[in-house]
Amino acid sequence: MDVSQWTWLATDTRLAADITDAIMFVEGTVNEDTHSLFLRRLYETVPMERLAHYLRDGRYAEAGQFAEECGIPMSRVYRTRLEELAKNSSHATANLCTSEEISLFTDNVLEMLQQLDEEGSQDSEFAIDICLRLSVPSYADTRRLLQHAQQLAIEFNSPRRTVVEKTIQRLGTWLMLGRATSNASQFSADGWHAFREADLAADLRSYIAKGNISCASTVWRRHQDDERMVTDIAGAIQGAPLNINTQALATWLRQEVLPVIHSAQQWHDVAAWIEQRARSLEAKQRKPYDALALVELLDIGSWSACQGSNGGQDSRTLTEGQFTVTPQSFIDSSQRMSQWMLGLAQFSGKD
């Protein structure tokens with residue numbers, strides 16, 4: 001660079017290492033009769049170094065203005081700014097109190113992503129990553145970011161399209177579980193982040209253990225593509241408390257769970273639990289109604305109705321007695337047992 005002849009280093013470069021911010025020099029100038037000395041930093045004389053300094057200090061407005069003056073592509077500023085926002089979302093959105101402020105923040109993020117695209121330096125995977133990582137305290141604006149990521153994933157045939165779509169699906173589940181509302185003050189960005197990364201199989205177990213069939217049904221119905229959740233269902237229902245609403249549980253098992261089970265071992269485990277729970281209910285309640293609601297799930301007709309395209313053979317093998325799933329009077333024909341219980345109820349004058 002060009003400097004005046006009266007210039008010397010003011011710091012020891014051996015101590016400065018590679019940090020150009022620390023390298024200072026003194027430059028003397030003469031303007032007519034005025035003699036001046038300037039203490040300068042090296043980064044101030046190199047455009048890219050000065051831009052990097054602004055960005056490191058978070059002075060993005062000055063960085064943008066400087067980039068325009070020096071003809072530096074704005075993509076450098078946008079990418080650094082977006083990366084910083086995604087990295088420190090909680091800090092960046094801490095002072096956003098109203099839905100209007102949150103919406104404006106999201107508008108600015110989407111505008112920067114679109115300007116990257118207009119400059120021809122758009123990296124779709126970078127934009128998708130930003131939209132997935134950035135947390136904003138609003139359900140509506142979180143969905144806007146994810147929809148933008150989905151649009152990019154479809155347009156550029158991204159390998160992360162499935163990840164984006166599953167994340168959107170989880171956000172919908174989050175809303176259906178009552179964890180999100182349209183009110184920004186009641187939406188927890190941290191809570192959503194935790195649910196987005198949560199183990200759905202563990203969540204399903206937790207809902208069943210609490211007797212919350214409604215939430216368990218929501219998670220099960222919307223995320224049956226989660227293989228671990230499906231393979232864990234036999235173990236999950238064993239944690240159901242004895243005071244759970246048996247009618248609701250039986251309805252859920254019949255309509256939503258049994259049709260999805262295609263493993264003979266799972267059929268075996270579920271059937272064994274149903275038999276044991278039916279006995280426990282009968283002993284505790286001294287009434288046949290709840291026990292009957294569960295035992296009817298072992299009816300051959302019920303098993304047949306629940307056979308899936310891949311599970312017919314497994315369930316048929318089970319009902320033909322090749323697996324001993326229930327002892328004593330249940331062992332040969334659970335249908336005969338349910339009819340016997342129904343007859344007992346009618347004989348006792350009950351409905």
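Whatever comes next refers back to the structure up there.
Every chain's residues receive numbers from 1 upward, in the order its sequence appears when written. At least 70 in pLDDT is required for a residue's local features to be given in this predicted model, at least 80 for side-chain atom pairs to be given and counted, and no such filter applies to totals for whole chains, interfaces and linings, which use all residues. Derived side-chain values reflect all non-hydrogen atoms in the structure, with water molecules and hydrogen atoms excluded from consideration.

Draft legend 1. Structural context of the overall build of the protein chain. Only DSSP runs of H or I reaching four residues or more are called helices, and only runs of E reaching two or more are called strands; each is numbered from the N terminus. Helices and strands together make up the secondary structure of the protein chain, namely 20 helices and three strands. Expressed as a percentage of the 351 residues in the protein chain, the buried residues total 43%. For the protein chain, restricting intrachain contacts to residue pairs at least 6 apart in sequence, the fraction spanning at least 24 positions comes to 61%. When the accessible area of the protein chain is evaluated, it comes to approximately 19,100 Å², of which 48% is carbon and sulfur surface. Buried means the residue's accessible area, taken with a 1.4 Å probe over protein chains only, is under 20% of the maximum for its type, while exposed means over 50%, and partly exposed covers the values in between. Contact definition: two residues touch when any of their heavy atoms are within 4.5 Å. For every accessible area listed, the method is Shrake-Rupley and the probe measures 1.4 Å; residues are considered covered only by the protein chains on display.

Draft legend 2. Local environment of the environment of Ala 216. With respect to the helices and strands, the residue Ala 216 is situated in helix α12 (residues 213-222). By relative accessible area, which is 0% here, Ala 216 ends up buried. Residues Ala 216 and Leu 177, 39 residues apart in the sequence, show an inter-C-alpha distance of 9.5 Å. Among all residues touching Ala 216, those that are not within four sequence positions of it are Leu 204, Tyr 207, Ile 208 and Trp 252.

Draft legend 3. Highlighting the packing of aromatic side chains. Each aromatic pair joins two rings of Phe, Tyr and Trp (for Trp, the six-membered one) with centres within 6.5 Å, and gets the label stacked for planes under 30 degrees apart, edge-to-face for over 60, and tilted for any other angle. Summed over the entire model, instances satisfying the criterion amount to three aromatic pairs. Ring centres 5.4 Å apart and planes at 45° place the aromatic pair Trp 174 and Phe 195 in the tilted group. Residue Trp 174 is found in helix α9 (residues 161-176), and its partner Phe 195 is found in helix α10 (residues 189-196); the two are separated by 21 residues along the sequence. Classification of Phe 195 by relative accessible area gives buried; the value is 3%. An aromatic cluster is present here, built from Trp 174, Trp 192 and Phe 195 joined pairwise through their rings. Its guanidinium or amino end placed over the ring of Phe 126, Arg 79 lies 4.1 Å from that ring's centre, counting from NZ or CZ. Geometrically, a charge over a ring is one whose NZ (Lys) or CZ (Arg) sits within 6 Å of the ring centre while staying within 35 degrees of the ring normal.

Geometric values such as these leave the question of function open.
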